[in-house]
There are 2 protein chains.
Amino acid sequence: MSKSCPTKILLSEDQLPKQWYNIQADMPNIPPLPLSPQTLKPATPQELSALFPMDLILQEVSTERFIDIPDEVQDRLKQYRPGPMYRAYRLEKELGTPAKIFYKYEGISSAGSHKPNTAIPQAYYNLKAGIKRLTTETGAGQWGSALSVATSMFGMECRVYMVKVSYQQKPYRRSFMEVFGAEVFASPSNMTESGRKILAQDPDSPGSLGIAISEAVEEAAQRDDTNYSLGSVLNHVCMHQTIIGQEAKEQLAMVDEYPDIVIGCCGGGSNFAGISFPFLMDKLQGKRSLRAIAVEPAACPTLTRGVMAYDYGDTAKIGPVAMMYTLGHDFMPPGIHAGGLRYHGDSPLVSALYQDKIIEAMAVKQNDTFKAATTFARTEGILPAPESAHAIYAAMVEALKCKESGEAKTILFNLTGHGYFDLAAYDQYLAGSLTDIEYSEELLQKSLANLPKIE
Amino acid sequence: MSKSCPTKILLSEDQLPKQWYNIQADMPNIPPLPLSPQTLKPATPQELSALFPMDLILQEVSTERFIDIPDEVQDRLKQYRPGPMYRAYRLEKELGTPAKIFYKYEGISSAGSHKPNTAIPQAYYNLKAGIKRLTTETGAGQWGSALSVATSMFGMECRVYMVKVSYQQKPYRRSFMEVFGAEVFASPSNMTESGRKILAQDPDSPGSLGIAISEAVEEAAQRDDTNYSLGSVLNHVCMHQTIIGQEAKEQLAMVDEYPDIVIGCCGGGSNFAGISFPFLMDKLQGKRSLRAIAVEPAACPTLTRGVMAYDYGDTAKIGPVAMMYTLGHDFMPPGIHAGGLRYHGDSPLVSALYQDKIIEAMAVKQNDTFKAATTFARTEGILPAPESAHAIYAAMVEALKCKESGEAKTILFNLTGHGYFDLAAYDQYLAGSLTDIEYSEELLQKSLANLPKIE
């Protein structure tokens, strides 16, 4: 096989998946419905419809195995999809491993990550429901960039609440969103009640993802012409990302391969869901065995150190409450560079699969991820985002285990995005000044004590 | 045709061109050999071999129509090639033009531009000749990034002299090169005689491409283990880029198209050569008629306002002297953001074709290019480099002419790279503070008066 496997495995445009895969059709335990933050009772579709269009609410609770991707969405996805799959020949050689390492590369999208895979359908379903304006939050900026590109594709308006510390540290992410016509505000802002409350207590608040979500949700809830859009965590978001894994399956089949191990970095969980769920379908249906590993930062170890519980998704407690692995909605993760992985909770779908031991999780330190990313760049010629570097590190660990055991396992990981906006972090790594910031166990315990009490 | 033409036309890896096209086989007038800067007589292969390996020197003067691409080079090119071609459906709709607009996108390479197309073969031929260390210059950083990636692919060393003002303004370009293992110095530096001379006169010199070339050439000439690598201008560089046009030809043929107009931005000339030469072959052989337009900045109008003459390629007059369109080696172009187009000379091949009226040229103002780039981003979903924006602007001009005349012409342009490192410039454009810096006619005349006198 190896000899005939190209470096890059491509699909033609007509091989773009026509349906999303909904893992709720195959899971042994489906996560419970989200709760209303006001009543702490299951949220009604009416409550959710203040934020989301009905099509997405129905996708959220659907148990259909496959859901059609509308033509208009396929058309926009084709701007960058199907995405390439690479065989990491040079990395394998560098590691001296008999393992075969493959990776999907999502950095070729306009926004530079996998995020447009869900931004495009979310914009589409909102427009279809007559909504021409979306709000959202963004941390490091990947999600805000993706939604800006998607709304500009459909001629919609977009307002992004960007975590203030990122707004200041990454001015070019803001510029990127503005080029695509979005309005960007540093959060906490004066635009919302949630923002003003925080600023009154602490005018210099650096902001957090939880605060920015509160602002975006508040505005969407109050304005009839505006909905809210979330870039990860939710069931429909995870489902939209399954085109990654479906493509990967088709691409591996073209070279007669099937993965023994599938790896994705994990913050809110959507890219991990995207690469792994189509393979987990085979596992859940008893057709294949494989390991799926969600890789999270040691500084924000939601799956490996959190608890499975109902929790708020945002700081102001105005968004839906979900059953998920969480570090507590008050948990403030240390300022690691993988901003996309700094979230206290995790996707309910990924959480349920982890609780049922269908998937594994692993927590990784910051310097290890940058070391892996630099080795990857120098061998494979692609500069990875710090988030993606978590998956690279785990793939290297598994490949080195194969070197020891002599097994020629097939390893697949998701390279979620490029690192062009993260070179300050690489600078610190190369200068030896990057630290492995630890989270505080004491603060974690305090935060876990603040979980909502649900009967 | 339109209905069946996909948004993205892809080639599989085995469709990568196996040969470069050498336009010297078909030109009516081949440019004369470069001269030695010392003697101002034709440079001998021995003189050139202080800087370049013999394989590249032979390519420089070859009149063979096709030259094989070595397997090892093809293997590395496959990291990102064949590159995608897009049909700009949404841009066409925005302009309301009957024209069909296609573009090749080179921003998917590891270095983010078309530059690795020549960096990889240059690194390869040097390594084959026993050279394990290369020097080069870089302005905005695209070329230095490409050579850093290419040398890292072959396990070679790389030293980059980066124009000081860019080194300070674009620290992340430097970081990028360092991630790939290159050493980067701000030029003028203390490492070379040329650099020290400039610093003695002006310790605060912002540097220029001409000065940086002098430093890189000087070091390569003095060290036996080191050669010099140039990212544009030279014949072999233009030839390496012809894989772009060859792929484009194959991709257009797949949808039964052939361009009426081919457009590339033009600084040193290599990307314009790359996209246009394979089509110009048909024109020179009398098989097809088409227009090819080289688009340059109004601030550095080499073809449209320069003269065809022998001139030095660098400020310190230590590199080869070429017959080319030039603004004079003393000409200091204003600080436009399209740093890759700020060069006083132009490729001898492109210059000869322009003199023979086989190609056209057009000069464009900075604000017009950013306006075009923003429209392009919002419709096509890709953020262009400021250099590439010159080609976009010209394509839009031609498409709007079609709207007026009602002609459904086929327009092809080369989108050379992404603009992720250029967002400060977009910021200025969006804020309305970007100026259309003019060059000084007085300084141009002064500079032209300093051309070397050749008998």
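What you see is a predicted model, and the numbers here were worked out from it, not measured in a lab.

Parameters at a glance
- Within each chain, residues carry numbers counting from 1 in the order of the written sequence.
- Chain letters start at A and ligand numbers start at 1, both assigned in the order the entries are written.
- pLDDT decides what is reported in this predicted model: residues at 70 or higher carry local features, side-chain atom pairs at 80 or more are listed and counted, and totals for whole chains, interfaces and linings draw on all residues regardless.
- Note: side-chain values were computed over all heavy atoms of the structure, leaving out hydrogens and water.
- Residue-level confidence of the predictor, termed pLDDT, takes values from 0 up to 100.
- A pairing counts as a salt bridge when a side-chain nitrogen of Lys or Arg comes within 4 Å of a carboxyl oxygen of Asp or Glu.
- Any residue under 20% of the maximum accessible area for its type is buried, any over 50% is exposed, and the rest in between are partly exposed; the area is computed with a 1.4 Å probe on protein chains only.
- For this overlay, a least-squares fit was computed on C-alpha atoms, restricted to residues scoring pLDDT of at least 70 in both copies.
- Every residue pair with non-hydrogen atoms within 4.5 Å of one another is taken to be in contact.
- A fitted line through C-alpha atoms serves as each axis, taken over the contacting stretch for helices, and the angle formed by two N-to-C directions is quoted from 0 to 180°.
- In this text, helices come from DSSP runs of H or I with a minimum length of four residues, and strands from runs of E with a minimum of two, each type numbered from the N-terminal end.
- Angles below 35 degrees are treated as roughly parallel, those above 145 as roughly antiparallel, those between 65 and 115 as roughly perpendicular, and all remaining angles as oblique.
- Crossing handedness is read from the near helix: turned anticlockwise from the far helix by less than a right angle, it gives a left-handed crossing, and turned clockwise, a right-handed one.
- Note on residue classes: Ala, Val, Leu, Ile, Met, Phe, Trp, Tyr, Cys and Pro are nonpolar, Asp, Glu, Lys and Arg are charged, and everything else, Gly too, is polar.
- In a helix, the anticipated span is given by 1.5 Å times the number of residues less one.
- A quick way to say it: buried area is the sum, across both parts, of accessible area lost when two parts are put together, with a 1.4 Å probe.
- The definition of a polar contact used here is a pair of N or O atoms within 3.5 Å, where within protein one atom must be able to donate a hydrogen and the other to accept one, and adjacent residues in sequence count solely through side-chain atom pairs.
- Nonpolar cores were defined as sets of buried Ala, Val, Leu, Ile, Met, Phe, Trp, Tyr and Cys residues, with membership established by side-chain atoms within 4.5 Å.
- Two strands qualify as a pair provided DSSP detects at least 2 bridges between them.

Side note on the confidence of the model for chain A
With 99% of its residues at a pLDDT of at least 70, chain A reaches an overall mean of 95. If you check the scores for this complex, the pTM reads 0.94 and the ipTM reads 0.91.

Observations regarding the pattern of salt bridges
Residues and elements named next belong to chain A. In this structure the tally under the stated criterion is 50 salt bridges over all chains. Glu 92 is the salt-bridge partner of Arg 87, the closest N and O atoms lying 2.6 Å from each other. Each member of the pair, Arg 87 as well as Glu 92, carries the same accessibility label: buried. What emerges from the salt-bridge pattern is a single network uniting Arg 133, Glu 157, Arg 159, Glu 183 and Glu 219.

Focus: the relation of the copies chain B and chain A
For the pair chain B and chain A, the superposition axis carries a translation of 0.0 Å, the fit reaches an RMSD of 0.0 Å, and the rotation angle comes to 180 degrees. The transformation just described matches what one would write down for a two-fold rotation axis. Mapped onto chain A, 100% of the interface residues of chain B again fall at the interface, so both copies present the same surface.

Some words on the packing of helix H12 (residues 242-254) of chain A against helix H13 (residues 270-284) of chain A
Residues and elements named next belong to chain A. Two elements in contact, H12 and H13, have axes separated by 6 Å at closest approach and are oriented at 60 degrees. Classified by the interaxial angle, the pair formed by H12 and H13 is oblique. Crossing handedness for the pair H12 and H13: right-handed. Here Thr 242, Ile 244, Gly 245, Gln 246, Ala 248, Lys 249 and Leu 252 of H12 come into contact with H13, specifically with Ala 273, Gly 274, Ile 275, Phe 277, Pro 278, Phe 279, Met 281 and Asp 282. Partitioning the contact of H12 with H13 into residue classes produces nine nonpolar, four polar and two charged.

Regarding helix H17 (residues 386-405) of chain B
Taking 1.5 Å per residue, 20 residues should reach 28 Å; H17 of chain B reaches 29 Å between its end C-alpha atoms and fits that length. Phi turns positive, to about 80 degrees, at Gly 406 of chain B, one or two residues after H17 of chain B.

Considering the interface of chain B and chain A
The partner chain A presents 46 residues to the 46 residues of chain B that form the contact. Summing both sides of the interface, chain B and chain A together bury roughly 3,800 Å²; the carbon and sulfur share of this comes to 55%. Considering only the surface of chain B that becomes buried against chain A, Gln 79, Val 179 and Tyr 420 of chain B emerge as the three largest contributors, covering 19% of it. Counting every contact that joins chain B to chain A gives six salt bridges. For the pair chain B and chain A, the interface holds 26 residue pairs in polar contact (both at pLDDT 80 or more). By residue number, the principal contributor to the side of chain B that touches chain A is helix H8 (residues 171-179) of chain B, which donates six residues.

Quick notes on unusual backbone geometry
Among all residues except glycine, the phi angle is most often negative; among peptide bonds, the trans geometry is most common. The amide bond that connects Arg 81 of chain A to the next residue, Pro 82 of chain A, takes the cis arrangement and shows omega of -10 degrees. Assignment of secondary structure puts Pro 82 of chain A in the loop between helix H3 (71-77) and strand S4 (85-87). Residues other than glycine seldom take positive phi values, yet Lys 357 of chain A does so here, at roughly 60 degrees. Relative to the helices and strands, Lys 357 of chain A resides in the loop between helix H15 (348-355) and strand S14 (360-364). Of note, the phi angle at Val 233 of chain B is positive, near 70 degrees, even though the residue is not glycine.

Comments concerning the nonpolar core
Grouped together as the largest cluster of nonpolar side chains are 150 residues, with contacts concentrated most on Ile 263 and Phe 413 of chain A together with Ile 263 and Phe 413 of chain B. Within the second largest apolar cluster, 21 residues are counted, among which are Ile 23, Cys 238, Phe 277 and Ile 358 of chain A.

Brief notes about the sheet that holds strand S15 (residues 410-415) of chain B
Residues and elements named next belong to chain B. Spatially, the seven strands line up as an open sheet ordered S1-S4-S5-S15-S10-S11-S14, and their pairing is mixed. The two strands at the open ends of the sheet, each matched to only one other strand, are strand S1 (8-9) and strand S14 (360-364). In the sheet, strand S5 (residues 100-105) pairs with S15 via six bridges, with the strands oriented parallel. When the bridges of S15 are listed, Phe 102 appears paired with Leu 412. Lying on the sheet, helix H12 (residues 242-254) is in contact with S1, strand S4 (85-87), S5 and S15; it crosses S5 at an angle near 140 degrees.

Some thoughts on the environment of Ile 213 of chain B
Residues and elements named next belong to chain B. In this structure, Ile 213 sits in helix H10 (residues 209-222). By relative accessible area, Ile 213 is classed as buried at 7%. Contacts of Ile 213, omitting those with residues within four sequence positions, involve Glu 137, Tyr 228, Leu 230, Gly 313, Asp 314 and Tyr 343.

Some words on the side chain of Thr 97 of chain B
Residues and elements named next belong to chain B. In this structure, Thr 97 sits in the loop between helix H4 (89-95) and S5. Given the relative accessible area of 10%, Thr 97 is considered buried. A distance of 2.9 Å separates the side chain of Thr 97 from the backbone nitrogen of Ala 99, its partner in a polar contact. Those residues in contact with Thr 97, other than ones at most four positions away along the chain, are Glu 92, Ala 399, Cys 402 and Lys 403.

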